[in-house]
Amino acid sequence: MPTMLLLRHGRTTANSAGLLAGRAPGTALDDFGHEQAAALPGRLAGVPLAAAVHSPLQRCVETLAPLRAARPGLPVYEEERVIECDYGEWTGRALRELAEQPLMATVRTRPSAVRFPGGEALRGMAERVVAAAQEWDARIAREHGENAVWLLCTHGDNIKALVADALGLHLDHFQRIAPHPASVTAIRYGDHPLLLRFGDTGDLREFVPHTPAGERDRAAETEAPVGGGA
């Protein structure tokens, strides 16, 4: 199957202010987040992206803007199902304040049981995001071949849910996963999902083809060979 590069949006004004942005409108990248976004085309130089899919929220649109400018022919799709979790009444509140809420203990230790007041259940978020990612992955395979690479720009909790699913972890363990802003995580689905890279903030040349067309692709060498492979 194709290789999915999960990109968390760059750092936002809410991140730097310690706020839970959720789906609040107007949450933009801060200055450092714009620097992270500007570095993305260089990090992905040579990686033959078949498509980019993104959450409709402003911070994901802004994160992809420099890449879109550098690659005007790149097909880009907005996908509602990979939007941030709906945190309901928690949206826009200070994380320091939310840490004192009784529900936060459950968020930390048993997230599968959490539904945010006036908002979404974490289990529901995980189910919609995993379904969307797998459906897009299958579409990319049909349209671009099984060695294609594609990008999904989304949010932290969504990426945690996708990684937990790929590793066969219960959702209650997803709080052990922490993707930083503008980091790239690579997953390859197939008979069994493979986590190829997690939370990368630097060199992505692993996903640049190293062999002529028709020969064994580098991605084929990541299929969990005996000994761990190269």
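To keep things clear, this report deals only with the structure shown in the data block. Remember, predicted model here, so these are calculated numbers, not experimental data.

1. Some thoughts on the overall build of the protein chain
Phase 1: On a plain count of helices and strands, the protein chain comes out with 7 helices and 6 strands.
Phase 2: Ordered by position from the N terminus, the helices and strands of the protein chain form the series β-α-α-β-α-β-α-α-α-β-α-β-β.
Phase 3: A globule of 230 residues ought to have a C-alpha radius of gyration of about 17 Å, and the protein chain, at 18 Å, matches this closely.
Phase 4: With the C-alpha coordinates of the protein chain rotated into their principal frame, the extents come out at 55 × 40 × 30 Å.
Phase 5: When each of the 230 residues of the protein chain is scored for burial, the buried share is 49%.
Phase 6: Within the protein chain, contacts between residues separated by at least 24 positions form 72% of all contacts whose residues are at least 6 apart in sequence.
Phase 7: Of the accessible surface of the protein chain, which amounts to about 10700 Å², a share of 51% is contributed by carbon and sulfur atoms.
Phase 8: For the protein chain, the separation between the mean place of its 24 positive charges and that of its 29 negative charges on side chains is 3 Å.

2. Thoughts on a nonpolar patch on the surface
Phase 1: Together, Leu167, Leu169, Leu195 and Phe198 make up an exposed nonpolar region whose accessible area comes to about 310 Å².
Phase 2: For Leu167, a relative accessible area of 46% gives the class partly exposed.

3. A few points about the nonpolar core
Phase 1: One finds Met4, Trp90, Phe116, Leu152 and Leu162 to be the most contacted residues of the largest nonpolar core, which totals 38 residues.
Phase 2: Within the residue set of this core, elements represented by two or more residues are β1 (3-8), β2 (49-54), α5 (102-109), α6 (122-144), β4 (149-154) and α7 (156-166).
Phase 3: In terms of residue count, the dominant contributor to this core is α6 (9 residues).
Phase 4: For Leu162, the contacting residues outside a window of four places in its chain are Leu6, Val129, Val130, Ala133, Leu152, Ile187 and Tyr189.
Phase 5: Leu44, Leu67, Leu74 and Val208 belong to the second largest nonpolar core, which has 19 residues in total.

4. Description of the pattern of salt bridges
Phase 1: Applying the stated criterion across every chain, the model contains 10 salt bridges.
Phase 2: Note that Arg81 is salt-bridged to Glu135, the shortest N-O span being 2.8 Å. Taken together, the residues span a long stretch of sequence, with Arg81 in the loop between β3 (76-78) and α4 (95-98) and Glu135 in helix α6 at a distance of 54 residues.
Phase 3: Owing to a relative accessible area of 28%, Arg81 belongs among the partly exposed residues under this scheme.
Phase 4: Since its relative accessible area comes to 45%, Glu135 is described here as partly exposed.
Phase 5: Between Glu120 and Arg128 there is a salt bridge whose closest N-O contact spans 2.8 Å. Accessibility assignment for this pair places Glu120 and Arg128 in one class, buried.
Phase 6: If you follow the salt bridges from partner to partner, you end up with Arg23, Glu120 and Arg128 in one network.

Conventions and cut-offs
- Residues numbered from 1 in each chain as written.
- Predicted model: local features only at pLDDT ≥ 70, side-chain atom pairs only at ≥ 80, totals over all residues.
- Heavy atoms only, no water.
- Helix = DSSP H or I, 4+ residues; strand = E, 2+ residues; numbered from the N terminus.
- Rg over C-alpha atoms; globule rule 2.2 N^0.38 Å.
- Buried < 20%, exposed > 50% of the residue type's maximum accessible area, 1.4 Å probe, protein only.
- Contact = heavy atoms within 4.5 Å.
- Areas by Shrake-Rupley, 256 points an atom, 1.4 Å probe, with all protein chains shown as cover.
- Lys, Arg positive; Asp, Glu negative; His and termini not counted.
- Charge placed at Lys NZ, Arg CZ, Asp CG, Glu CD.
- Patch = residues over 30% accessible without salt bridge, like charges linked within 9 Å, V, L, I, M, F, W, Y side chains within 5 Å.
- Salt bridge = Lys/Arg side-chain N within 4 Å of Asp/Glu carboxyl O.
- Core = buried A, V, L, I, M, F, W, Y, C linked by side-chain atoms within 4.5 Å.

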